[in-house]
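Residues per chain are reported as follows:
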Amino acid sequence: MLNTETQYRLVFCTNSDIQLTTLLNGLNNLGFIGNTVFSSNAEQEYCAGDTFFQSVTFMGCSPYIEFEPPPQLKPDGVADFCFIRVLATKEANTSYHAQQLKNLTTLPRCEHCRKVINDWSTRVPFLDESWAFNCPSCDKVLTQADLDWRKASGSGNLFIEVVNVYLQEAVPTDVFLQQLETISSSLWQYFYTNSNIKKHLLDSQ
Ligand SMILES: [Zn+2]
């Protein structure tokens, strides 16, 4: 995996039964991904494809974005160019921030009553395990899937990262979200983060 520790990114996530290769073929056919940068069993890294700018809109004054990998880039080298990484995890509903929820500074909302859970951080010791607690507002039992991280985190078994774009600078088009849905027969969400998913959560085959 290219070294992307602390680098900002836009992440798409979904739960789907499709094979990873089906997703990769779909993204390739759309032109969202281009040439392979590095590929291993656990992660696939690609240059942005020809139609990337039809999939993601850049807000504000058009930023200069480097899309070319530097020459002699190593598979674990620091990646300071914009590229796309596709990841598959072992289980559905895997939280991207599993075992690092402490890094999230956003306050989550309860999915049921939509109230912000101000004291969630006091529950952090329990968040990295299989946990549940009662919403302080509506008293419904909450598990990981019942927290809305408001575009700061998400969960699924398939993730697409657009690495080296900044917080809410890059916004996916509705057409692209629809195209993703067509490929996987599932709804996609997206969020922004500067954390890597923990490597052991990824499929190795
Ligand atoms: Zn609630």
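The structure displayed is predicted, hence computed values, not measured ones.

Caption draft 1: Spotlight on unusual backbone geometry. Positive phi, close to 65°, is recorded for glutamine 99, a residue that is not glycine. With respect to the helices, strands and loops of the structure, glutamine 99 is situated in the loop between strand 6 (94–95) and strand 7 (109–110). Overall, the presence of 14 C-beta atoms within 10 Å leaves glutamine 99 in the partly exposed class. Even without being a glycine, aspartate 139 presents a positive backbone phi close to 70°. Mapped onto the elements, aspartate 139 comes out in the loop between strand 8 (133–134) and strand 9 (141–142). The class of aspartate 139 is exposed, set by 11 C-beta atoms lying within 10 Å.

Caption draft 2: Layout of the domain arrangement of the protein. Per the domain assignment, the segments making up the protein are domain 1 (9–94 + 150–201) and domain 2 (107–148). Each of domain 1 and domain 2 was reduced to a C-alpha centroid, and the two centroids are 27 Å apart.

Caption draft 3: Fine view of helix 4 (residues 174–184). Every buried residue belonging to helix 4 is among Phe176, Gln179, Leu180 and Ile183, and all of these are buried. Down the axis of helix 4, the sector holding all buried residues measures 100°, keeping them to one side. Facing away from the buried side of helix 4, by more than 90 degrees, are the exposed residues Asp174, Gln178 and Thr182. Next to the buried residues of helix 4 lie strand 1 (9–14), helix 1 (20–30), helix 2 (52–55) and strand 13 (170–172). Serine 185 lies just past helix 4 and shows a positive phi near 55°.

Calculation criteria
- Residues numbered from 1 in each chain as written.
- Predicted model: local features only at pLDDT ≥ 70, side-chain atom pairs only at ≥ 80, totals over all residues.
- Helix = DSSP H or I, 4+ residues; strand = E, 2+ residues; numbered from the N terminus.
- Buried ≥ 20, exposed ≤ 12 C-beta atoms within 10 Å, placed from the backbone.
- Domains from an automatic or database assignment.
- Arc of directions from axis to C-beta.
- Contact = placed C-beta atoms within 7 Å.

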